Amino acid sequence: VAITTRLLVSHLSGIRHYEKDIAKVKEDKEKANRALKLTKPYQDKEQKEEGGKGIEKTDSVKPRKEHEGEVKSRNSKPGKRDKEFEQEEYYLKEKFGSVIESLKIFKNDPLFFKPGDQFLYSTYGFTLLSAVVERASGQKFTDYMLKMFRDLDMLSTVLDDNEAMIYNRARCYVYNKKGRLVNAPYVDNSYKWAGGGFLSSVGDLLKFGNALLYSYQAGQFKNTNDKLLPGYLKPDTVAMMWTPVPKTEVSWDRDGKYAMAWAVVEKKQQCGCCRQQRHYASHTGGAVGASSVLLILPEELDSEAIDAGLVAPPRGVIVSIICNMQSVSLNSTALKIAREFDKEKWSQ
């Protein structure tokens, strides 16, 4: 079979995640799909009732599939054990010298399905992707990324290296079997730098979001007399990254599809005076002892203002949340925050 970088970045490669048993993965998917069908009539009714009151309903269904991207339902109570983090490979302590070396963890395992046929969130797919970056760039993946972070002025974003002295590194927490808060266990993330091995700050994530939003919108502004600097990425590149890919799904927002390393909800309104979907891109993160989200809600720009050069990118709302506790669902919270700021801006 052929596995392309596009398949890797959209989790369509067939490479396994932490669960090695394909039968268990299929069983969990079937259960999640059945649960979704059972909740849909109730959720649709709830949305109609809320819509009548002039309230826009957002994230109103439990995740279909729990994985590293978002490993806990927003309805779960603190202290509840999360099955996702019972997978042994979350707790690897071996230090890998390179991303090529870390491929040995899964390189001899069978694919779960033919590449391109099904969506399966896979951290190891991104480990392979990092190996591609390393070979294509001729640099160590970690060096390549750190240079990029420096270009983006993300000076607080570093490798989660246990041996390094990292200023202001937070202590992480988990709940034990008795529901008590304890320190997170020791792990070494060198086996998955690309899929969950970097430390960052809220400020750096905001810079990253602004750089992407600027790149996305820069091509829309025509009459700037060449005063507008180019984006870090080409507008078409970001647009491609934020275009939903067929056969994908998103656990943390049922309105969304997976794109290229981002979950995306497209602008949509089926009928007048009915529920509206705003276009936004987001991604959650879950690791041993930590949870996070970065959400980008682009402003719906007025064409007249763009042509007149009265506004300049980035225009929109960006929300970043980092929590030093495991299994905290954050996407719906981030979306509510973004909508409140967006609503406030338009009311002024």
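Residues numbered from 1 in each chain as written. Predicted model: local features only at pLDDT ≥ 70, side-chain atom pairs only at ≥ 80, totals over all residues. Heavy atoms only, no water.

Focus on the overall build of the chain
Inference 1: Helix and strand counts for the chain stand at 10 helices and nine strands.
Inference 2: Across the 348 residues that make up the chain, the buried fraction comes to 43%.
Inference 3: Summarising the internal contacts of the chain: among those between residues at least 6 apart in sequence, 66% fall at separations of at least 24. (Helix = DSSP H or I, 4+ residues; strand = E, 2+ residues; numbered from the N terminus. Buried < 20%, exposed > 50% of the residue type's maximum accessible area, 1.4 Å probe, protein only. Contact = heavy atoms within 4.5 Å.)

Description of unusual backbone geometry
Inference 1: Of note, the amide linkage connecting P313 to P314 takes the cis form, showing an omega dihedral of 0°.
Inference 2: Among the structural elements, P314 can be located in the loop between α9 (303–308) and β9 (316–323).
Inference 3: Of note, C273 is a non-glycine position whose phi angle comes to about 60°, a positive value.
Inference 4: Looking at where C273 falls in the secondary structure, it is placed in the loop between β6 (263–265) and β7 (280–287).

Some words on the environment of A32
Inference 1: Note that A32 resides in helix α2 (residues 22–52).
Inference 2: A residue is classified by how much of its surface remains accessible, and A32, at 12% relative accessible area, is buried.
Inference 3: Residues A32 and S251, spaced 219 residues apart in sequence, show a C-alpha to C-alpha distance of 9.9 Å.

Section: the side chain of N189
Inference 1: Position of N189 among the secondary structure elements: in the loop between β3 (181–183) and α6 (193–196).
Inference 2: Residue classification places N189 among the buried residues on the basis of a relative accessible area of 7%.

Section: the confidence of the model for the chain
Inference 1: For the chain, per-residue confidence averages 85 on the pLDDT scale, and 82% of positions sit at 70 or higher.
Inference 2: This stretch, residues 46–76, has a pLDDT under 50; its non-local contacts, to residues over four places away or in other chains, come to 89 contacts. (pLDDT = per-residue confidence, 0-100.)

Description of the state of the cysteines
Inference 1: Going through the model one piece at a time under the given rule, you end up with zero disulfides.
Inference 2: Residue C271 stays outside any disulfide, its sulfur separated by 4.8 Å from that of C274, the closest cysteine. (Disulfide = S-S within 2.5 Å.)

A closer look at the pairing of β7
Strand residues, when the strand is regular, have side chains that alternate between the two faces of the sheet.
Inference 1: Of all eight residues that make up β7, seven are buried, and the element is covered over most of its length.
Inference 2: Relative to strand β8 (residues 290–298), β7 runs antiparallel, the two being bridged by seven bridges. Bridge pairing links T284 to V293 in β8.
Inference 3: A loop of two residues connects β7 with β8, the two strands running antiparallel in sequence, and G289 in this loop sits at a positive phi of about 90°. (Pairing = 2+ DSSP bridges.)

Comments concerning helix α5 (residues 141–151)
Inference 1: All of the buried residues in α5 are F141, T142, M145 and F149. Taken end-on, α5 shows its buried residues confined to a sector of 95°, consistent with a single buried face.
Inference 2: Looking at the buried residues of α5, the elements they touch are α3 (99–102), α4 (123–137), β1 (158–159), α6 and β4 (198–199). (Arc of directions from axis to C-beta.)

Some details on a nonpolar patch on the surface
Inference 1: On the surface, a cluster of nonpolar side chains totalling about 270 Å² of accessible area is made up of V1, I3 and L111.
Inference 2: As for its position among the elements, I3 is in the segment before α1 (5–9). (Patch = residues over 30% accessible without salt bridge, like charges linked within 9 Å, V, L, I, M, F, W, Y side chains within 5 Å. Areas by Shrake-Rupley, 256 points an atom, 1.4 Å probe, with all protein chains shown as cover. Salt bridge = Lys/Arg side-chain N within 4 Å of Asp/Glu carboxyl O.)

Here we look at the packing of aromatic side chains
Inference 1: Taken as a whole, this structure holds 12 aromatic pairs when the rule is applied.
Inference 2: A ring pair is formed by Y124 and Y191, whose centres lie 6.4 Å apart and whose planes are at 50°; its orientation type is tilted. A residue pair is termed long-range when its members are at least 10 positions apart, and Y124 in helix α4 and Y191 in the loop between β3 and α6 qualify at 67 residues. As far as burial versus exposure is concerned, Y124 and Y191 are alike and both buried.
Inference 3: Three or more aromatic residues joined by ring pairs make a cluster, and in this case those are Y18, F85, Y90, Y91, F106, Y124 and Y191. (Phe/Tyr/Trp six-rings, centres within 6.5 Å; stacked < 30°, edge-to-face > 60°.)

So, helix α7 (residues 202–218)
Inference 1: Spanning 17 residues, α7 covers 24 Å between terminal C-alpha atoms, matching the ideal 24 Å at 1.5 Å per step.
Inference 2: Buried residues of α7: D204, L205, G209, L212, L213, Y214, S215, Q217 and A218, and no others.
Inference 3: Packing partners of the buried residues in α7 comprise α8 (235–241), β8 and β9. (Expected span 1.5 Å × (residues − 1).)

A few points about the nonpolar core
Inference 1: The biggest cluster of nonpolar side chains holds 39 residues, and the ones touching the most others in it are Y124, L212, W242, W262 and I296.
Inference 2: At the level of secondary structure, the elements contributing two or more residues to this core comprise α1, α4, α5, α7, α8 and β8.
Inference 3: A per-element tally of this core places α4 first, with four residues.
Inference 4: When residues no more than four places from it in sequence are discounted, the contact partners of W262 are F208, L212, M241, W242, K257, A281, S282, H283, L294 and I296.
Inference 5: Counting 12 residues, the second largest nonpolar core, distinct from the first, contains Y280, L295, L297 and V319. (Core = buried A, V, L, I, M, F, W, Y, C linked by side-chain atoms within 4.5 Å.)

Observations regarding the pattern of salt bridges
Inference 1: As enumerated under the stated definition, the model contains 15 salt bridges in all.
Inference 2: One salt bridge in this structure joins K104 and E94, with 3.2 Å as the shortest N-O distance. Here the residue K104 occupies a position in the loop between α3 and α4, and E94 occupies one in the loop between α2 and α3, the gap between them amounting to 10 residues.
Inference 3: Classification of E94 by relative accessible area gives partly exposed; the value is 37%.
Inference 4: Across the pair D160 and R169 runs a salt bridge whose closest N-O atoms are separated by 3.2 Å.
Inference 5: One network of salt bridges, with partners in common, ties together R16, K20, E89 and D109.

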